[in-house]
Structures are given as structure tokens and as C-alpha cells.
Amino acid sequence: QVQLVESGGGLVQAGGSLRLSCAASGIIFSINHMGWYRQVPGNQRELVATISSGGITNYADSVKGRFTISRDNAKNTVYLQMNSLKPEDTAVYFCRSVRSGPYTVYWGQGTQVTVSS
């Protein structure tokens, strides 16, 4: 079975940093696209950052220059380094894994990030 387990969320002051981790099992991690999404209650889940199997990254405009997505294939883990955090970054952050053959999307359970002012 496929499992994505996020960790590293918590409470931090504005301007601080957190690093989220997503540990994957049950998939061939190295060939999957990975991403981070976030959701505030009442809002649509939105893309934060993605990283391809080849290491190509993509970021939402709101986090460019502050967040960095990376992956460690040896550990089957994707990370989201979040610096210069703002209160508007407060959300539940979800890990997503996508494979193309066959096309399948997997989601983690989410981890809460709260940024206080």
C-alpha cells in the first residue's frame, strides 16, 4: 500500500523557519513527481511547490524566494524548507505524489503549520 507521511509542522513566529518532511513508502519514489500543497479552511487547496523526478522545481509566486523544495531519493523523502514565514502561510500542508504509468495521485494526511505575528 502507498503511504505518504508528513512531519515537521508546528507553531512558529513570523520571520521564522520550518522544514517539512514527507516520507513515502509503497512507491518507486525516484520516478514520481512530488509536491506540496496547502489549504486553509473554506479555501481551495493550492499548489505551493513541486519537484520532478529530474529535480526540476516549480513554486507558487507567493512563496518564491522563501521556500525550497528538495528530494532525497535514497531516503524516499521530499522536503519543504520554509524561511521568512508569514502569518498568511498558516495552513494545513499536504504532500502529493504523482506517477504517470498508470497515472495515479497520492496524498498525505497533512500537517498543520501556524505562523503567529
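This report concerns the structure included in the present document.

Cut-offs applied
- Residues numbered from 1 in each chain as written.
- Predicted model: local features only at pLDDT ≥ 70, side-chain atom pairs only at ≥ 80, totals over all residues.
- Heavy atoms only, no water.
- Helix = DSSP H or I, 4+ residues; strand = E, 2+ residues; numbered from the N terminus.
- Patch = residues over 30% accessible without salt bridge, like charges linked within 9 Å, V, L, I, M, F, W, Y side chains within 5 Å.
- Areas by Shrake-Rupley, 256 points an atom, 1.4 Å probe, with all protein chains shown as cover.
- Salt bridge = Lys/Arg side-chain N within 4 Å of Asp/Glu carboxyl O.
- Pairing = 2+ DSSP bridges.
- Phe/Tyr/Trp six-rings, centres within 6.5 Å; stacked < 30°, edge-to-face > 60°.
- Buried < 20%, exposed > 50% of the residue type's maximum accessible area, 1.4 Å probe, protein only.

### Notes on unusual backbone geometry
Line of reasoning, step 1. A cis amide bond links G101 to the next residue, P102, at an omega of -10°.
Line of reasoning, step 2. Positive phi outside glycine occurs at N76, with the angle close to 50°.
Line of reasoning, step 3. Here N76 shows up in the loop between β7 (67-72) and β8 (77-82).

### Some words on a nonpolar patch on the surface
Line of reasoning, step 1. Together, Y103, V105 and W107 make up an exposed nonpolar region whose accessible area comes to about 320 Å².
Line of reasoning, step 2. Along the chain, the position of V105 falls in strand β10 (residues 103-107).

### Digging into the environment of P41
Line of reasoning, step 1. By the element assignment, P41 lies in the loop between β4 (33-39) and β5 (46-51).
Line of reasoning, step 2. Sequence separation of P41 and A91 is 50 residues, and the distance between their C-alpha atoms is 8.1 Å.

### Concerning the pairing of strand β3 (residues 18-25)
Line of reasoning, step 1. In terms of strand pairing, strand β1 (residues 3-7) meets β3 through 5 bridges, oriented antiparallel. By the bridge assignment for β3, L4 is matched with A24.
Line of reasoning, step 2. For β3 and β8, the ladder comprises 6 bridges, and the chain directions are antiparallel. Residue pairing across strands places C22 opposite V78, the latter belonging to β8.

### Describing the packing of aromatic side chains
Line of reasoning, step 1. Scanning the entire structure with this criterion turns up 2 aromatic pairs.
Line of reasoning, step 2. Summarising the aromatic geometry, the rings of F94 and W107 are spaced 6.5 Å apart at their centres and angled 85° between planes, so their arrangement reads as edge-to-face. Here the residue F94 occupies a position in strand β9 (residues 91-100), and W107 occupies one in strand β10, the gap between them amounting to 13 residues.
Line of reasoning, step 3. Owing to a relative accessible area of 10%, F94 belongs among the buried residues under this scheme.
Line of reasoning, step 4. Owing to a relative accessible area of 37%, W107 belongs among the partly exposed residues under this scheme.

### Here we look at the pattern of salt bridges
Line of reasoning, step 1. Going through the model one piece at a time under the given rule, you end up with 4 salt bridges.
Line of reasoning, step 2. The partner of E46 in a salt bridge is R38, with the nearest N and O atoms 2.9 Å apart.
Line of reasoning, step 3. When its relative accessible area of 38% is taken as the criterion, E46 is described as partly exposed.
Line of reasoning, step 4. Taken together, the salt bridges that share partners define one network made up of R38, E46, R66 and D89.

### Some points on the pairing of β9
On any regular strand, side chains alternate: one points to one face of the sheet, the next to the other face.
Line of reasoning, step 1. Sheet topology note: the β4/β9 ladder contains 7 bridges and is antiparallel. Within β9, the residue paired with W36 across the bridge is C95.
Line of reasoning, step 2. One ladder, built from 3 bridges, connects β9 with strand β11 (residues 111-116); its direction is antiparallel. When the bridges of β11 are listed, A91 appears paired with V113.
Line of reasoning, step 3. By the bridge criterion, 5 bridges tie β9 to β10 in an arrangement that is antiparallel.

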